[in-house]
Amino acid sequence: MTAESDVPVLLRSAPMLSAVPDATLEKIAEITSVKHHVAGKVIVRQGARAQAFHMIIEGEADVTADGVHLTKLGPGDHFGEIAIVNETKRNATVTAVTPVRVLAIDTISFRRLARSDPGLAAALPPAIAERLADREHKLGE
C-alpha cells in the first residue's frame, strides 16, 4: 500500500504537477485517493465526461482510441489531466490489463483547487501544452 507520505513524491513525477509549488502539491495530495481496478475493467471510456486524473501505482493498462491501440501504461504513467483541466471529454479508453492501483484526483476537487491556488493555475498551461504535443507525436508514429 502507498503510504500517505509517498503521495506527494508520486504526484511530483507527473509532468503536469512537476512545476507546482510544494505547498500546492501538499494540497493536491490531500484530495487524492487510491483506487483499485480488476483486470479487464474499463477505467475511463472515450467520449465520457472526465471524472478524475489517474496515476498508475501498480499494474498495466491499455490505451485505445476509436478502436486503435495507442499504448500500454504502467507504474508512473498517468492519464486524464487534459480532460479535467480543459473540461473536455475523454479522448481515449483506458482498460486495466492486470489488476491496477491508481492515485486518483477527482475533477471537481481539482478544479476547485485550481481556481483557488495561483501556483497550480500558473503551472498547468505549459504542462498541458507539452502533454498534447507528446500525444500528437505518438499518434503520428
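Residues numbered from 1 in each chain as written. Predicted model: local features only at pLDDT ≥ 70, side-chain atom pairs only at ≥ 80, totals over all residues. Heavy atoms only, no water.

Asks: Can you walk me through the overall build of the protein chain in this structure?
Replies: Helix and strand counts for the protein chain come out as five helices and eight strands. Beginning at the N terminus, the succession of helices and strands in the protein chain can be written as α-α-β-β-β-β-β-β-α-β-β-α-α. Here the protein chain, with 141 residues, has 42% of them falling under the buried criterion. Of the accessible surface of the protein chain, which amounts to about 7,500 Å², a share of 54% is contributed by carbon and sulfur atoms. (Helix = DSSP H or I, 4+ residues; strand = E, 2+ residues; numbered from the N terminus. Buried < 20%, exposed > 50% of the residue type's maximum accessible area, 1.4 Å probe, protein only. Areas by Shrake-Rupley, 256 points an atom, 1.4 Å probe, with all protein chains shown as cover.)

Asks: Mind showing me how you'd approach the nonpolar core here?
Replies: Counting residues in each nonpolar core, the largest one holds 22 residues, and the members touching the most others are Leu-11, Leu-17, Ile-28, Phe-53 and Leu-120. Mapped onto this core, the elements with two or more residues apiece are helix H1 (7–12), helix H2 (22–30), strand S3 (52–58), helix H3 (81–86), strand S8 (100–106), helix H4 (107–116) and helix H5 (118–140). Each residue touching Ile-28, except ones within four places of it in the same chain, is listed here: Leu-11, Leu-17, Ile-105, Leu-113 and Leu-120. (Core = buried A, V, L, I, M, F, W, Y, C linked by side-chain atoms within 4.5 Å. Contact = heavy atoms within 4.5 Å.)

Asks: Would you explain the pattern of salt bridges in this entry?
Replies: Opposite charge on two side chains lets them pair, provided their charged atoms get close. Scanning all chains against the criterion turns up four salt bridges. One salt bridge in this structure joins Arg-12 and Asp-22, with 2.6 Å as the shortest N-O distance. Linking Arg-12 in helix H1 with Asp-22 in helix H2, this pair joins segments that are 10 residues apart in sequence. Here Lys-27 ties to Asp-117 by a salt bridge, and the two come within 3.1 Å at their closest N and O atoms. Of the two residues, Lys-27 sits in helix H2 while Asp-117 sits in the loop between H4 and H5, which places them 90 residues apart along the sequence. Classification of Asp-117 by relative accessible area gives buried; the value is 5%. (Salt bridge = Lys/Arg side-chain N within 4 Å of Asp/Glu carboxyl O.)

Asks: Just to check I follow, could you spell out unusual backbone geometry for this structure?
Replies: Residues apart from glycine generally show negative phi values, whereas peptide bonds are mostly found in trans. If you check the backbone angles, Asp-66 has positive phi at about 55° while not being a glycine. Within the fold, Asp-66 resides in the loop between strand S4 (61–65) and strand S5 (68–73). Among the residues examined, Asp-66 registers a relative accessible area of 67% and is labelled exposed.

Asks: How should I be thinking about the sheet that holds S5 in this particular structure?
Replies: Paired through backbone hydrogen bonds, the strands of a sheet run either parallel or antiparallel to each other. On the basis of which strands lie adjacent, the open sheet formed by four strands has the order S2-S7-S4-S5 and antiparallel pairing. Each having just a single partner strand, strand S2 (42–44) and S5 make up the two edges of the open sheet. Across the sheet, the mean angle from the axis of one strand to that of its neighbour is 30°, orientation sign disregarded. Examined bridge by bridge, S2 and strand S7 (residues 93–96) share two bridges and lie antiparallel to one another. From the neighbouring strand, Val-42 faces S7, where its bridge partner is Thr-95. (Pairing = 2+ DSSP bridges. Axes fitted to C-alpha atoms, helices over the stretch in contact; angles between N-to-C directions.)

Asks: Which parts of the structure should I look at to understand the sheet that holds S3?
Replies: Across the sheet, four strands lie side by side as S1-S8-S3-S6; this open sheet has antiparallel pairing. Edge positions in the sheet fall to strand S1 (32–37) and strand S6 (78–79), since each has one partner strand and no second. Direction of pairing for S1 relative to S8: antiparallel, over a ladder of six bridges. Paired with Thr-32 across the strands is Ile-105, a residue of S8.

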